Amino acid sequence: MRQLEAFKPFFVSLNLPYSVVRGEQLALQANVFNYMDTDLDVLVTLKQSDDFRNIVVDAGGNTQFVSQTQTTTVHVRTQTEAFLTDVKHISWFCY
């Protein structure tokens, strides 16, 4: 019997709830993992959809409801992970 080992040196993992009720607000947490040999600047995009609105909370605690594509650049050090919720707080507001 042979063994097979699969490994992704770079990937994004989303922490999503099991289910969502229409109108519910939830936090979307995206984790970017970098097990490569160099640090990376990663461009992460949440595309606009008619199925949800984004609630953006800035550093001052001000909230803004937007329905547009949002992009942010995240610096991910080698052998670590970056939590996008630490960089930019984004929630989904489901219709």
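Conventions adopted
Residues numbered from 1 in each chain as written. Predicted model: local features only at pLDDT ≥ 70, side-chain atom pairs only at ≥ 80, totals over all residues. Heavy atoms only, no water. Patch = residues over 30% accessible without salt bridge, like charges linked within 9 Å, V, L, I, M, F, W, Y side chains within 5 Å. Areas by Shrake-Rupley, 256 points an atom, 1.4 Å probe, with all protein chains shown as cover. Salt bridge = Lys/Arg side-chain N within 4 Å of Asp/Glu carboxyl O. Helix = DSSP H or I, 4+ residues; strand = E, 2+ residues; numbered from the N terminus. Phe/Tyr/Trp six-rings, centres within 6.5 Å; stacked < 30°, edge-to-face > 60°. Buried < 20%, exposed > 50% of the residue type's maximum accessible area, 1.4 Å probe, protein only. Polar contact = N/O pair within 3.5 Å; in protein donor to acceptor, adjacent residues only side chain to side chain. Core = buried A, V, L, I, M, F, W, Y, C linked by side-chain atoms within 4.5 Å. Contact = heavy atoms within 4.5 Å. Pairing = 2+ DSSP bridges.

### As for a nonpolar patch on the surface
And step 1. Nonpolar side chains collect at one region of the surface, where Val12, Leu14 and Leu16 lie side by side and expose about 270 Å² of accessible area between them.
And step 2. Relative to the helices and strands, Leu16 is located in the loop between β1 (10–15) and β2 (25–27).

### Overview of the packing of aromatic side chains
Geometrically, a pair of aromatic rings is defined through the distance of the ring centres and the angle of the planes.
And step 1. Taken as a whole and judged by the stated rule, the model has 4 aromatic pairs.
And step 2. Aromatic side chains Phe7 and Tyr35 sit 6.0 Å apart centroid to centroid with 55° between the ring planes, which places their arrangement in the tilted category. Separated by 28 residues along the polypeptide, Phe7 in the segment before β1 and Tyr35 in the loop between β3 (29–34) and β4 (40–46) bring together distant segments of the chain.
And step 3. The exposure class assigned to Tyr35 is partly exposed, which follows from its relative accessible area of 32%.
And step 4. Judged by centre distance (4.7 Å) and plane angle (15°), the rings of Phe11 and Phe33 are stacked. Placement of Phe11 in strand β1 and of Phe33 in strand β3 is noted, with a sequence separation of 22 residues between them.
And step 5. Following the ring pairs from residue to residue traces out a cluster consisting of Phe7, Phe11, Phe33 and Tyr35.

### Things to note about the environment of Thr71
And step 1. Within the secondary structure, Thr71 is located in strand β7 (residues 70–76).
And step 2. Assessed through its relative accessible area of 40%, Thr71 is described here as partly exposed.
And step 3. In the structure, Thr71 is positioned 27 residues away from Val44 in sequence and 5.6 Å away in space, judged by C-alpha atoms.
And step 4. A polar side-chain atom of Thr71 sits 3.2 Å from a polar atom in the side chain of Thr45.

### A few points about the nonpolar core
Side chains of a nonpolar character, in soluble globular proteins, are inclined to be buried together.
And step 1. Core analysis: the largest hydrophobic core is formed by 5 residues, namely Val32, Val42, Val44, Val74 and Val76.
And step 2. Ignoring anything within four residues of it in the chain, the contact list for Val42 reads Phe10, Val32, Thr72, Thr73, Val74 and Val76.

### With respect to the pairing of β3
And step 1. A large share of β3 lies buried, amounting to 5 of its 6 residues.
And step 2. Pairing geometry for β1 and β3, over 6 bridges, is antiparallel. By the bridge assignment for β3, Asn15 is matched with Gln29.

Read these as geometric descriptors, not functional statements.
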